[in-house]
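These are the residues of each chain, in order.
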Amino acid sequence: MAELLGGPVAQKICEKITDSLEAAKKSDKYPGRLPKLAIVRIGKRDDDLAYERGAVKRIEKLGMNFEIFEFDGNITNEEFQKEFIKINNDNNIDGILLFMPLPENINTRETISNFSPEKDLDGLTLTNMACLYAGTGGYAPCTAEAVIKLLEYSDIETDGKNVTVIGRSNVIGKPVSMMLIDKNATVTICHSHTRNLKDICKRADIVIAAVGKAKMIDGSYIGDGSVVIDVGVNVDENGELCGDVDYGSVFEKAKLITPVPRGVGSITTSVLSEHLLRSFIKKFDI
Ligand code: NAP
């Protein structure tokens, strides 16, 4: 019956980034320029723009650089691939945030195959996925890693715990499950075909909701004293931002619960910034 906030975790991650950036600047190998993020967006979806504003604010505050590459929704696949390859090959760009999903007229597979894993800060390429699944580094999707950072920085034990993840997407459900297995949790991955979802959730020590359905997980899914991490970002019937968890009824039962907003979402741009700095440091072998 307490809130688990993302802000303090984001703050701690940012303090580490500031220290590492200052140390990098003092290195003999510092190239004399700051790390730079390219933000690649096709069209102007409201949720993309909201995330972009947050990312830009975070990158600027940390004293790093960015450039926004906005493309018209009518761009042809051929034109877009040409532009994307140019951005990807630009030596002054250390990492790319590519907004997904791409419009239907753009070939997603081709785009991903034109994406260098070293610049793929949100774990979209097959190489980064393979690294994550093999537990050998690479860049995990930022939101999935934000969940792990939240648990780690909040001293929530995962070793030997039963964790139920609701959702099996490549950006959240699957990667967060793999990372939790590496942290010695026993993970049950649920999806739209799962039977007895309520019972599976009730038995869990930690429930991670990444469903994309406003307030679907209510108090009847939650065992007393569990930890509930809400990854969902939805709009409710009154036009208000809300998670996948019905905050009011779950708050009564859970030991800890992340609110929406001010929960997982507040950590994601710090993880993105940490990935950008890591890419820069690796590139120049600092
Ligand atoms: P997604 O690709 O739509 O995946 C949703 C998953 O939920 C699917 O695996 C689906 O199962 C499962 N599901 C749907 N209905 C279900 C049900 N009734 N019972 C059990 N499982 C069900 O969504 P996503 O990209 O993973 O995103 C999940 C949520 O996180 C969304 O609300 C999104 O807005 C939010 N999000 C937040 C952040 C952040 O920074 N906080 C970032 C990205 C996304 P099937 O596979 O069987 O279809």
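In this convention, every chain numbers its residues from 1, walking through the sequence in written order. Selection of residues for local features in this predicted model requires a pLDDT of at least 70, selection of side-chain atom pairs for listing and counting requires 80 or more, and totals for whole chains, interfaces and linings are taken over all residues. Heavy atoms from the whole structure form the basis of all side-chain values; hydrogens and water molecules are not counted.

A. Representation of the packing of aromatic side chains within the structure. Here the aromatic set is Phe, Tyr and Trp, taking the six-membered ring for Trp, and pairing holds for ring centres within 6.5 Å; pairs whose planes are under 30 degrees apart are stacked, those over 60 apart are edge-to-face, and all others are tilted. Per the counting criterion, the structure on display carries 7 aromatic pairs. When the centroid spacing of 5.5 Å and the interplanar angle of 85 degrees are considered together, the rings of Phe71 and Phe80 count as edge-to-face. Just as Phe71 is buried, Phe80 falls in that class too. The rings of Phe71, Phe80, Phe84 and Phe115 are connected pair by pair, giving a single aromatic cluster. The rule is simple: take the accessible area with a 1.4 Å probe, protein chains only, and divide by the maximum for that residue type; under 20% is buried, over 50% is exposed, in between is partly exposed.

B. Molecular detail of the side chain of Thr269. With respect to the secondary-structure elements, Thr269 resides in helix α10 (residues 265–283). Residue Thr269 is classed as buried on the basis of its relative accessible area of 8%. The contact criterion used is simple: two residues touch if any of their non-hydrogen atoms lie within 4.5 Å. When sequence neighbours within four positions are dropped, the list of residues in contact with Thr269 reads Tyr51, Gly54, Ala55 and Arg58. Each helix is a run of DSSP H or I of at least 4 residues and each strand a run of E of at least 2, with the numbering of both proceeding from the N terminus.

C. Looking closely at the sheet that holds strand β6 (residues 186–190). Spatially, β1-β11-β8-β7-β5-β6 is the arrangement adopted by the 6 strands of the open sheet, whose pairing is parallel. If you trace the sheet from one side to the other, it starts and ends with β1 (2–3) and β6, each paired once. Direction of pairing for strand β7 (residues 206–209) relative to strand β8 (residues 227–230): parallel, over a ladder of 4 bridges. Within the sheet, the bridge partner assigned to Ala209 lies in β8 and is Asp230. Strands were regarded as paired on the criterion that DSSP finds at least two bridges between them.

D. Spatial organisation of a nonpolar patch on the surface. Residues Val233, Val235 and Leu241 make up a contiguous nonpolar surface patch of roughly 290 Å² in combined accessible area. Within the secondary structure, Val233 is located in the loop between β8 and β9 (234–235). You can call Val233 exposed: its relative accessible area is 61%. Only residues above 30% relative accessible area that lack a salt bridge enter a patch, with like-charged residues linked at up to 9 Å and the nonpolar side chains Val, Leu, Ile, Met, Phe, Trp and Tyr linked at up to 5 Å. All accessibility values rest on the Shrake-Rupley procedure with a 1.4 Å probe; residue burial counts only the protein chains present in the view. By salt bridge we mean one thing: a side-chain nitrogen of Lys or Arg within 4 Å of a carboxyl oxygen of Asp or Glu.

E. Just helix α1 (residues 7–26), in detail. Given a rise of 1.5 Å per residue, 20 residues ought to cover 28 Å, and the 29 Å separating the end C-alpha atoms of α1 matches this to within 8%. For α1, the full list of buried residues reads Val9, Ala10, Ile13, Cys14, Ile17, Leu21 and Ala24. An end-on view of α1 places all buried positions within 125 degrees of arc, on one side of the element. Exposed side chains of α1 directed beyond 90 degrees from the buried face belong to Lys16, Asp19 and Lys26. Residues of α1 that are buried in the fold lie against α2 (46–61), α6 (142–153) and α10. The span one expects for a helix is its residue count, reduced by one, times 1.5 Å. Throughout, the arc means the angular range of directions from the helix axis out to the C-beta atoms.

F. Looking closely at the sheet that holds strand β3 (residues 65–71). A sheet is described by the order of its strands in space; here 3 strands give the open sequence β3-β2-β4, paired in parallel fashion. A strand with exactly one partner marks an edge of an open sheet, and here the two such strands are β3 and β4 (95–98). Direction aside, the axes of adjacent strands within the sheet are offset by 20 degrees on average. In the sheet, strand β2 (residues 36–42) pairs with β3 via 7 bridges, with the strands oriented parallel. Following the sheet pairing, Arg41 is matched in β3 by Glu70. Axes here refer to lines fitted to C-alpha atoms; in helices the fit is confined to the stretch in contact. Angles between the N-to-C directions go from 0 to 180 degrees.

G. Examining the nonpolar core more closely. Formed by 48 residues in total, the largest nonpolar core has its most connected members in Leu37, Met64, Val147, Leu180, Ile208 and Ile229. Element by element, the count of residues in this core is highest for α6, at 7 residues. With residues up to four places along the chain from it excluded, the contact list for Met64 reads Ile17, Leu21, Pro35, Ile59, Ser273, Leu276 and Leu277. Buried residues of nine kinds, namely Ala, Val, Leu, Ile, Met, Phe, Trp, Tyr and Cys, make up a nonpolar core once their side-chain atoms join them within 4.5 Å. Listed in part, the 17 residues of the second largest apolar core include Phe80, Ile87, Ile96 and Leu98.

H. Structural view of the site of the ligand. Each residue is tested against the molecule or strand, and it is near if at least one of its non-hydrogen atoms lies within 4 Å. Surveying the vicinity of the ligand reveals 23 residues, the closest of which are Arg168, Ser169, Ser192, Lys213 and Val233. Any pair of N or O atoms that falls within 3.5 Å is considered a polar contact. Within protein, one atom must be able to donate a hydrogen and the other to accept it, and sequence-neighbouring residues count only if both atoms are side-chain atoms. Side-chain polar atom of Thr143 to an oxygen atom of the ligand: 3.4 Å apart, as the coordinates give it. In the model, a nitrogen atom of the ligand is placed 3.0 Å from a nitrogen or oxygen of the Lys213 side chain. In terms of residue class, the shell around the ligand is made up of 9 nonpolar, 11 polar and 3 charged. Only Asp, Glu, Lys and Arg are considered charged, only Ala, Val, Leu, Ile, Met, Phe, Trp, Tyr, Cys and Pro nonpolar, and every remaining residue, Gly among them, polar.

I. Region of the structure containing helix α7 (residues 173–182). Those residues of α7 not exposed but buried are Gly173, Pro175, Val176, Ser177, Met179 and Leu180. Where α7 is buried, its residues meet α5 (126–134), α6, β5 (162–166), β6 and β7.

J. Structural detail: the environment of Ala134. Mapping Ala134 onto the fold places it in helix α5. When the C-alpha atoms of Ala134 and Asp182 are compared, they prove to be 9.7 Å apart, with 48 residues separating the residues in sequence.

K. Structural detail: the pattern of salt bridges. As enumerated under the stated definition, the model contains 16 salt bridges in all. Salt-bridge contacts for Lys283 lead to Asp94; the nearest nitrogen and oxygen are separated by 2.9 Å. Of the two residues, Lys283 sits in helix α10 while Asp94 sits in the loop between α3 (77–89) and β4, which places them 189 residues apart along the sequence. For Asp94, a relative accessible area of 1% puts it in the buried group. The partner of Lys149 in a salt bridge is Glu145, with the nearest N and O atoms 3.4 Å apart. With Lys149 and Glu145 both in helix α6 and 4 residues apart, the pair spans about one turn of that helix.

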